[in-house]
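Next come the chains, spelled out residue by residue.
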Amino acid sequence: MTDFGPGVWPPAPIRTERLVLREPEAGDRAAFVELLASPEVHTYLGGPHPRETLERELPEVPGRRPGSFVVALDGAMIGRVLLGAATGPCRPAAEGKAELGYLFLPGAWGHGYAREACAAALDWFASVLPGEPVVLTTRTANTASTRLAARLGFTEVERFHAWDAEQWLGERAPATPCG
């Protein structure tokens, strides 16, 4: 995967029908704490981070790095979408590819915000790095996430065991439209 170069990151805010994807700001810190400390959000991610540690250690503007979008609804952060180099266990199918990740506050679940935000981020990615495939990894037990992956155009490449659970790895071909 090619890194986002100057002039590519940070992009202008990406606007969808209901949401804005933008760089993190200082006013997002409390929502980042909620997101990272939430037991519901981290059900399939190894558990929440201790709130006290987050309050003490999170920088004033958390999550500021290329590929990290805050998802805002009516100006308030409801989640984040990440696009970056694939991480985690070395999987040949993911090597050298971009990986999509996302987290949303529980109050934002069930409204289609994750699909809308991820589709917008993937469309942006395809416009700045055409021809680059994207992968997504989730626990097979997280059926909502595997359903979303399919709706976004990801197809299963493999299943593997990591982080004490079976994982699903999907890939989205560069030409797949999100709309």
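Refer to the preceding data block for the structure.
Conventions used here
The written sequence of each chain sets the order in which its residues are numbered from 1. A pLDDT threshold of at least 70 governs which residues receive local features in this predicted model, and a stricter bar of 80 or more applies before side-chain atom pairs are shown or counted, although totals over entire chains, interfaces and linings include all residues. Derived side-chain values reflect all non-hydrogen atoms in the structure, with water molecules and hydrogen atoms excluded from consideration. Think of a nonpolar core as a cluster: buried Ala, Val, Leu, Ile, Met, Phe, Trp, Tyr and Cys residues, connected wherever their side-chain atoms sit within 4.5 Å. In this scheme, a residue with accessible area under 20% of its type's maximum is buried, one over 50% is exposed, and one in between is partly exposed, where area comes from a 1.4 Å probe on protein chains only. In this text, helices come from DSSP runs of H or I with a minimum length of four residues, and strands from runs of E with a minimum of two, each type numbered from the N-terminal end. We call two residues in contact when some of their heavy atoms are within 4.5 Å. Whenever a nitrogen or oxygen atom comes within 3.5 Å of another N or O atom, the pair is scored as a polar contact, on the condition that within protein one atom can donate a hydrogen and the other can accept it, and that pairs from neighbouring residues in sequence are kept only if both atoms are in side chains. Every case where a carboxyl oxygen of Asp or Glu lies within 4 Å of a side-chain nitrogen of Lys or Arg is listed as a salt bridge. Side-chain rings of Phe, Tyr and Trp, where Trp is taken by its six-membered ring, are said to pair if the distance between their centres is within 6.5 Å; with planes under 30 degrees apart they count as stacked, over 60 as edge-to-face, and otherwise as tilted. Here, any two strands with at least 2 DSSP bridges between them count as paired.

(A) Expanded view of the nonpolar core. Among the nonpolar cores identified, the biggest contains 31 residues, and F69, V81, L83, L100, F104 and F154 are the most heavily contacted of them. Residue assignment for this core shows that the elements contributing at least two residues are β2 (19–22), β3 (68–73), β4 (76–85), β5 (98–104), α3 (113–128), β6 (134–139) and α4 (143–151). In terms of residue count, the dominant contributor to this core is α3 (ten residues). Here F154 is in contact with L100, L122, V134, V135, L136, A149, W168, G170, E171 and R172, once residues within four sequence places are set aside.

(B) Fine view of the environment of W168. Among the secondary structure elements, W168 is positioned in strand β8 (residues 165–172). Once residues within four sequence positions are removed from consideration, W168 is found in contact with L136, T137, T138, T140, T146, A149, F154, T155, E156, E158 and R159. There is a polar contact of 3.0 Å between the side chain of W168 and the side chain of E156.

(C) Spatial organisation of the pattern of salt bridges. One pass over the structure, following the stated rule, counts nine salt bridges. Between E116 and R18 there is a salt bridge, with its nearest N and O atoms 2.7 Å apart. On the criterion of sequence distance, the pair formed by E116 in helix α3 and R18 in the loop between β1 (14–15) and β2 is long-range, its members being 98 residues apart. Judged by its relative accessible area of 15%, E116 is buried. Given the relative accessible area of 35%, R18 is considered partly exposed. As a salt-bridge pair, R22 and E25 come within 3.8 Å of each other at their nearest N and O atoms. Its relative accessible area of 12% is what places R22 among the buried residues.

(D) Region of interest: the packing of aromatic side chains. Tallied over the entire structure, the rule returns one aromatic pair. On the basis of an interplanar angle of 85° and a centroid distance of 5.3 Å, the ring pair of F69 and W124 is categorised as edge-to-face. Taken together, the residues F69 in strand β3 and W124 in helix α3 connect sequence positions 55 residues apart.

(E) Molecular detail of the pairing of β4. The element β4 is largely enclosed, with a buried count of seven among its ten residues. Judged from the six bridges that link them, β3 and β4 form a sheet pairing that is antiparallel. Counterpart to S68 in the pairing with β4 is L82. Hairpin geometry of β3 and β4 is characterised by an intervening segment of two residues between the two adjacent antiparallel strands and by a positive phi of about 50° at D74. Pairing of β4 with β5, which is carried by seven bridges, proceeds in the antiparallel orientation. Bridged to R80 within β5 is L103.

(F) Quick peek at the environment of H49. On the secondary structure map, H49 appears in the loop between α1 (29–37) and α2 (51–57). For the pair formed by H49 and S145, sequence separation is 96 residues and the distance between their alpha carbons is 21 Å. When neighbours within four sequence positions are excluded, H49 is seen to be in contact with L36, A37, H42 and L54.

Read these as spatial facts, not as claims about activity.
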